[in-house]
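Topology and contacts: notes
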Amino acid sequence: MIFDTHAHYLDARFDEDRQDVISSLHDNNVACAVEVSAGVDDFYDIISLTEKYPFMYGTIGVHPSEVDKLNDEWLHKMEELAANDKIVAIGEIGLDYHFDDDPEPTVQKMWFKKQIELAQKVNLPLIIHSRDSAKDTLDILKETDAGKTGGVIHCFSYSKEIALECVDMGFYIGLDGPVTFKNGKKAKEVAKTVPIERLVVETDSPYMAPDPIRGTRNFSGNLKYIISEIASLRDIPYDDMEKILFDNARALYRLEDKCLN
């Protein structure tokens, strides 16, 4: 069975057939999926989605590109919503310096730290988004002792050395479509190097579709391509790798007694 640790089925690209796509996941060997929050507008829709589909779980968090909408009132509301049994993490949160029109780094850092503090308060793992911001991300994770809370560095795009540093702090490494790309050298090195018990897989649906369907709308059923690539890189039979990654995901989200294969 397969566990998609990071998806965005509330994205507008699923508006026309969301129910059909989600209902098809079991037919594609997907036992569990986590719907990840990007901003405050997602919170209540995520809870509704998890209530509708028992095999889906959710998160509460604000992506760095959306932190301009955050305030202390929303932070308090996040704490209340995090008590829901279907909410399994705080995320995705972090830093993104890729686009010029994103919030200023100082603003991103402030809300990154505050959301880490929230995760520590409610005792939930973190989903970390980090793009073009490796040093600042690592500095904040160390400064806040975020590794004690743990979580996953989602859509990991840095070197194997940075990956091992994150693992040493207590984090999992999330791999998605790029590990299957011919030019995905960094992701392949990470997949081969990180301790196998610290790897999880994700789609980031509808984004990051793997080869051989790169460029199409992604969904959790495509995780078989990612698992197959990691299995090949590690020289481990596919079925064994699938089980390892499934069990890792359950451990990441503390769902060993809920999301059963």
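The structure presented is a predicted model; accordingly, all values stated were derived computationally and were not measured.

1. Observations concerning the overall build of the chain
What the chain contains, in helices and strands, is nine helices and eight strands. For 261 residues, the compact-globule estimate of 2.2 N^0.38 gives 18 Å, and the C-alpha radius of gyration of the chain, at 17 Å, lies within 12% of that figure. Considered along the principal axes of its C-alpha atoms, the chain spans approximately 45 × 40 × 35 Å. Of all 261 residues assigned to the chain, the portion counted as buried reaches 55%. Here the contacts in the chain between residues at least 6 apart in sequence split such that 72% fall between residues at least 24 apart. As displayed, the chain offers around 11,300 Å² of accessible surface, 48% of which is attributable to carbon and sulfur atoms. Across the chain, the 29 positively charged side chains and the 48 negatively charged ones have centroids separated by 4 Å.

2. Regarding unusual backbone geometry
Of the consecutive residues Gly91 and Glu92, the connecting peptide bond is found in the cis state with omega at 5 degrees. With respect to the element layout, Glu92 can be found in strand β4 (residues 87–96). Each neighbour pair has its own omega, and for Asp211 with Pro212 the value is 10 degrees, a cis peptide bond. Phi is positive for Asn123, close to 55 degrees, though the residue is something other than glycine. You can call Asn123 exposed: its relative accessible area is 52%.

3. What about the nonpolar core?
Judged by nonpolar contacts, the single largest core of 68 residues is most densely connected at Tyr9, Leu126, Leu141, Phe171, Ile173 and Ile230. Apart from the residues within four sequence positions on either side, Tyr9 is in contact with Phe14, Arg18, Val21, Ile22, Leu25, Glu35, Met56, Ser205, Phe219 and Ser220. Counting 18 residues, the second-largest nonpolar core is a separate cluster that includes Ala31, Val36, Tyr172 and Val200.

4. Digging into the pairing of strand β3 (residues 56–60)
In terms of burial, β3 is a largely internal element, five of the five residues being buried. The alternating pattern of β3 places Met56, Gly58 and Ile60 and Tyr57 and Thr59 on opposite faces, both of which are buried. In this structure, strand β2 (residues 30–35) lies alongside β3, joined through three bridges in parallel fashion. Considered in β3, the bridge of Val34 is made with Tyr57. Pairing geometry for β3 and β4, over three bridges, is parallel. Across the sheet, residue Ile60 finds its bridge partner in β4, namely Ile90.

Criteria and cut-off values
Residues numbered from 1 in each chain as written. Predicted model: local features only at pLDDT ≥ 70, side-chain atom pairs only at ≥ 80, totals over all residues. Heavy atoms only, no water. Helix = DSSP H or I, 4+ residues; strand = E, 2+ residues; numbered from the N terminus. Rg over C-alpha atoms; globule rule 2.2 N^0.38 Å. Buried < 20%, exposed > 50% of the residue type's maximum accessible area, 1.4 Å probe, protein only. Contact = heavy atoms within 4.5 Å. Areas by Shrake-Rupley, 256 points an atom, 1.4 Å probe, with all protein chains shown as cover. Lys, Arg positive; Asp, Glu negative; His and termini not counted. Charge placed at Lys NZ, Arg CZ, Asp CG, Glu CD. Core = buried A, V, L, I, M, F, W, Y, C linked by side-chain atoms within 4.5 Å. Pairing = 2+ DSSP bridges.

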